[in-house]
Amino acid sequence: MEKAALKLVVIGGSAGSVDVIMRIVPFLPSDPDFSIVLVLHRKSSDDTTLEDVVSIKSAMKVIPVEDKTMLETGAIFIAPSDYHLLFEPTGELSLDVSEKINYSRPSIDVSFESAAAIYKNRLTAILLTGANSDGTAGLISVKENDGFVIIQDPESADIPFMPANALENMTPDLVLDVDGIVNFLNSGF
Amino acid sequence: MTATDSEIEAIISTIFEYYGYDFSGYSRASLNRRVNRLLELGNYSHVEDLLSRIRHEPDYFERVVGDLTVNVTEMFRDPQFYKQLREKILPIIGTKPFIRIWHAGCSTGEEVFSMAILLDEHKLLEKTLLYATDISPDVLQTAKKGIFPLRQMKQYAENYASSGGKEDFSKYYMANYGLAKFEDRLIARMVFSQHNLVSDRSFNEFDLILCRNVLIYFDKDLQNRALTLFDDSLPNLGFLALGSKENIKFSVLSHRYQQVEREKIWKKLR
Ligand SMILES: C[S@@+](CC[C@H](N)C(=O)[O-])C[C@H]1O[C@@H](n2cnc3c(N)ncnc32)[C@H](O)[C@@H]1O
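Residues numbered from 1 in each chain as written. Chains lettered and ligands numbered in written order. Predicted model: local features only at pLDDT ≥ 70, side-chain atom pairs only at ≥ 80, totals over all residues. Heavy atoms only, no water.

An unreviewed UniProt entry lists chain B under the name Protein-glutamate O-methyltransferase CheR, with Flavobacterium silvaticum as the source organism.

As named in an unreviewed UniProt entry, chain A is protein-glutamate methylesterase, taken from Flavobacterium silvaticum.

Take a look at the structure:
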């Protein structure tokens, strides 16, 4: 349980979100007091590419997630494609190949819900651009567990559907464009 | 409804008490999701109702095992993995007079049929026995029939081709009423039986053990238990293959096994 005490940011995104991530990571603090988990929809063939480009652009340590990878402060964890990513009470991340949800695996809803259950008010969930309705149910569960919710301003999103769908169904703490998200992550929130 | 932590504990201990299946070492986040899905599918409004059915209906319990475990599988899942089996592993184990392979957690059998096809293409099938085991009797019933939905064959044929398969994939099955029935001569080399990685022992020695996407459902202690069981079932220089995001790096086996190449296949050192 001790490890679960850390401050966690989970970022979910679909179509267009890799570009947003590329605009965020160069401006992250090098030794922050939180860790970031990226849950993005993408093709399995792109796995190593995303890890490589994030590593090159980021001052934070980048860790590709395998089963039972232990979360640590100050690093960016990247969910693999084709597995759901879950948060364990031990501070470990675990993987699951169960059915796709909303045509997606990883499902952003699954990761948000599972993180919310463990990290409660130490969790910040950020939902980015995308073309489906994944993420909305997860954000609702983050709020129910006293977490903090940020939705990318649909006007600033490549594909506004996903953040717009979330906004129609729940009230986030903040709606931010990409620069706003960068500032938030540097604010010591 | 969603089950509380103590309700989950009650389900785990009832199952253990009545049937001896121990789910206490399963990854908790995934097990919670499975339990909640089971409650939803069964339209339960009280966990007590589920517990009572588990206690009194052994047939229903078999279905519960199938529902608590995740049985999603594919033929030639991760084609690069099968490519490495073709190019690096089969030529080595193929020099033996007789080959034994164990698929632990074989689910509905897609992985076993994929392996049988590889062996056939390397002219090794006739001297191989494929042992396929799972905790769930339900999936084994499906597996031994070798009948899979026809609509999945397009994807499987693509996976097969990316794994280096050169044949027309459809030659391995007969299509009929939306189903694909795989050849009996493949099934003839397979032995299916129930085996629980949590509590059962090693039952033979194998040249290659595959246990893919099963350990992700276990916590670290239970993973080490299963890995020790595999170690007991492998001779020196035997091979162990895991799922593409599973690793033995931080396990009891790490120092005595060497990864063959990029894929998750290790060789047991002398
Ligand atoms: C996701 S499937 C993996 C199927 C296949 N190996 C693959 O990678 O596609 C996981 C399988 O592990 C089985 N399993 C779960 N717990 C087990 C245990 N304790 N002993 C044996 N098999 C188990 C489940 O019944 C399920 O069929």
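Peer 1: Help me understand the packing of aromatic side chains in this model?
Peer 2: By convention here, two paired aromatic rings are described through the distance between centres and the angle between planes. For the structure shown, the criterion picks out 27 aromatic pairs over all chains. Here Tyr-21 of chain B and Phe-61 of chain B contribute two aromatic rings whose centre-to-centre distance is 5.3 Å and whose plane-to-plane angle is 75 degrees, an arrangement assigned as edge-to-face. In this pair, Tyr-21 of chain B is assigned in the loop between helix H1 (5-19) and helix H2 (28-41) and Phe-61 of chain B in helix H4 (residues 58-68), connecting sequence segments 40 residues apart. Accessibility assignment for this pair places Tyr-21 of chain B and Phe-61 of chain B in one class, buried. Among the aromatic side chains, those forming a connected cluster through ring pairs are Phe-76, Phe-81, Tyr-82, Phe-113, Phe-148, Tyr-160, Phe-169, Tyr-172, Tyr-173 and Phe-182 of chain B. Sitting over the face of the ring of Tyr-60 of chain B, Arg-53 of chain B holds its NZ or CZ atom 3.8 Å from the ring centroid. Sitting above the plane of the Tyr-83 of chain A ring, Arg-77 of chain B keeps its charged end 5.4 Å from the centroid. (Phe/Tyr/Trp six-rings, centres within 6.5 Å; stacked < 30°, edge-to-face > 60°. Helix = DSSP H or I, 4+ residues; strand = E, 2+ residues; numbered from the N terminus. Buried < 20%, exposed > 50% of the residue type's maximum accessible area, 1.4 Å probe, protein only. Lys NZ or Arg CZ within 6 Å of the ring centre and 35° of its normal.)

Peer 1: Just checking my understanding: could you explain the sheet that holds strand E6 (residues 84-87) of chain A for this structure?
Peer 2: Sheets are built from strands that pair by backbone hydrogen bonding, the pairs being arranged parallel or antiparallel. Residue and element names in this part refer to chain A. Across the sheet, three strands lie side by side as E4-E7-E6; this open sheet has antiparallel pairing. Pairing within the sheet leaves two strands with one partner each, and these edge strands are strand E4 (69-70) and E6. Bridge analysis of E4 against strand E7 (residues 92-96) gives two bridges, and the strand direction is antiparallel. Considered in E7, the bridge of Thr-69 is made with Leu-93. (Pairing = 2+ DSSP bridges.)

Peer 1: I would appreciate a short explanation of the interface of chain B and chain A in the present structure.
Peer 2: Size of an interface, as often reported, equals the accessible area lost when the parts are brought together. Taken together, the contacts link 23 residues of chain B with 24 residues of chain A. For the pair chain B and chain A, the two sides together bury roughly 1800 Å², of which 49% comes from carbon and sulfur. On the chain B side of the interface with chain A, the three residues burying the most area are Arg-33, Ile-216 and Lys-245 of chain B, jointly 35% of the side's total. The interface formed by chain B and chain A holds four salt bridges in total. Two residues, Arg-33 of chain B and Asp-96 of chain A, come together in a salt bridge whose shortest N-O distance is 3.0 Å. The tally of links between chain B and chain A comes to 16 residue pairs in polar contact (both at pLDDT 80 or more). Mapped by element, the contributors of at least two residues to the side of chain B that touches chain A are H2 and helix H10 (220-232) of chain B. A per-element tally of the side of chain B that touches chain A places H2 of chain B first, with six residues. In the side of chain B that touches chain A, the residues fall into seven nonpolar, six polar and ten charged. (Contact = heavy atoms within 4.5 Å. Buried area = accessible area lost by both parts, 1.4 Å probe. Salt bridge = Lys/Arg side-chain N within 4 Å of Asp/Glu carboxyl O. Polar contact = N/O pair within 3.5 Å; in protein donor to acceptor, adjacent residues only side chain to side chain. Nonpolar A, V, L, I, M, F, W, Y, C, P; charged D, E, K, R; others polar.)

Peer 1: It is not clear to me how the UniProt feature "domain: CheR-type methyltransferase" (unreviewed entry) in chain B should be interpreted in this structure. Could you clarify?
Peer 2: Sequence positions flagged by UniProt for "domain: CheR-type methyltransferase" (unreviewed entry) are, in local numbering, residues 1-248 of chain B. In residues 1-248 of chain B, the share of helix is 45% and the share of strand is 15%. The end C-alpha atoms are 37 Å apart. (UniProt positions renumbered as here; feature names shortened; annotations may be inferred.)

Peer 1: I'm lost on unusual backbone geometry in this one. Help?
Peer 2: In most cases, non-glycine residues show a negative phi, while peptide bonds are predominantly trans. Following Arg-105 of chain A, the chain continues to Pro-106 of chain A via a peptide bond in cis, the omega torsion being 10 degrees. Within the secondary structure, Pro-106 of chain A sits in the loop between E7 and helix H3 (108-119). Of note, Asp-146 of chain A is a non-glycine position whose phi angle comes to about 70 degrees, a positive value. Locating Asp-146 of chain A in the fold gives a position in the loop between helix H4 (136-144) and strand E9 (148-152). Positive phi values are uncommon outside glycine, yet Phe-76 of chain B reaches one of about 50 degrees. Mapped onto the secondary structure, Phe-76 of chain B falls in the loop between H4 and helix H5 (79-93). A residue is classified by how much of its surface remains accessible, and Phe-76 of chain B, at 0% relative accessible area, is buried.

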